[in-house]
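What follows is each chain in one-letter form.
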Amino acid sequence: MKKFAIAAATATALTLTMANAAFAAQSTQAPMTLAAGEVTKAKEATSDTWITTKVKADLMTEKGVPGSDIKVETNKGVVSLSSETAITDAQKEMAIAIAKKIKGVQAVSADGLKSE
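Residues numbered from 1 in each chain as written. Predicted model: local features only at pLDDT ≥ 70, side-chain atom pairs only at ≥ 80, totals over all residues. Heavy atoms only, no water.

Some words on the nonpolar core
- One finds Val55, Leu59, Ile70, Val72, Val79, Leu81 and Val108 to be the most contacted residues of the largest nonpolar core, which totals 18 residues.
- Elements with a minimum of two residues in this core: helix H1 (2-61), strand S1 (70-75), strand S2 (78-83), helix H2 (89-100) and strand S3 (107-112).
- Counting residues per element, this core draws most heavily on H2, at four residues.
- Once residues lying within four places of it in the same chain are set aside, the contact partners of Val79 are Ile51, Val55, Val72, Glu73, Thr74, Ala99, Val105, Ala107, Val108 and Ser109. (Core = buried A, V, L, I, M, F, W, Y, C linked by side-chain atoms within 4.5 Å. Buried < 20%, exposed > 50% of the residue type's maximum accessible area, 1.4 Å probe, protein only. Helix = DSSP H or I, 4+ residues; strand = E, 2+ residues; numbered from the N terminus. Contact = heavy atoms within 4.5 Å.)

Below, the structure is given as structure tokens:
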């Protein structure tokens, strides 16, 4: 009887251990797959934020460009420049050139820049 109790306790412990391991492996697979997509989205958002910040900083430090008057937005590497106040064509071209030089920029849209 004592051997049976030991065998039953051992079998129960092994079953619980195996079930726990199977449950742990199963529960980590789905979140990891889901997290991979979220990480990609986070990287894109971080990259876009970095690009926007870098373009804005470079516009602010460039002489002859009214960086404080130019709004910068980035979506999936595409930089959009816009302004409420009119700027010269030369300033517009310089702003576009500055944005294009930034690593990660796919394209630049300056349709929102008002020119004189």
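Structural notes on the pattern of salt bridges
- Counting across every chain of the model gives two salt bridges.
- A salt bridge links Lys71 to Glu73; the nearest nitrogen and oxygen atoms lie 3.3 Å apart.
- Among the residues examined, Lys71 registers a relative accessible area of 48% and is labelled partly exposed.
- On the accessibility criterion, Glu73 (43% relative accessible area) is partly exposed. (Salt bridge = Lys/Arg side-chain N within 4 Å of Asp/Glu carboxyl O.)

Points about the confidence of the model for the protein chain
- Here the protein chain averages 81 in pLDDT, while 66% of its residues score no lower than 70.
- S2 holds the highest mean pLDDT among the elements of the protein chain, 97, whereas H1 holds the lowest, 68. (pLDDT = per-residue confidence, 0-100.)

Some remarks on the environment of Val108
- Locating Val108 in the fold gives a position in strand S3.
- The class of Val108 is buried, set by a relative accessible area of 19%.
- With 13 residues separating them along the chain, Val108 and Ala95 place their C-alpha atoms 9.7 Å apart.
- The contacts of Val108, once residues within four sequence positions are left out, are Val79, Leu81, Ile96, Ala99 and Lys100.

Describing the sheet that holds S2
- Spatially, three strands are ordered S1-S2-S3 in an open sheet, and the strand pairing comes out mixed. Strands with a single pairing partner mark the edges of an open sheet, and in this sheet they are S1 and S3. Shown here is a sheet whose adjacent strand axes are inclined to one another by a mean of 25°, direction ignored.
- Where S1 meets S2, six bridges bridge the pair, whose relative direction is antiparallel. Within S2, the residue paired with Lys71 across the bridge is Ser82.
- Taken strand by strand, H2 contacts S1, S2 and S3, and its axis lies near 155° from that of S3. (Pairing = 2+ DSSP bridges. Axes fitted to C-alpha atoms, helices over the stretch in contact; angles between N-to-C directions.)

Description of the pairing of S2
- Only one face of S2 is covered, namely the face carrying Val79, Leu81 and Ser83; the face carrying Val78, Ser80 and Ser82 is uncovered.
- Where S1 hands over to S2, the hairpin turn is made up of two residues, of which Lys76 adopts a positive phi near 55°.
- With H2 bridging S2 and the parallel S3, this β-α-β connection has right-handed handedness. (Right-handed = clockwise from strand over helix to strand, strands pointing away.)

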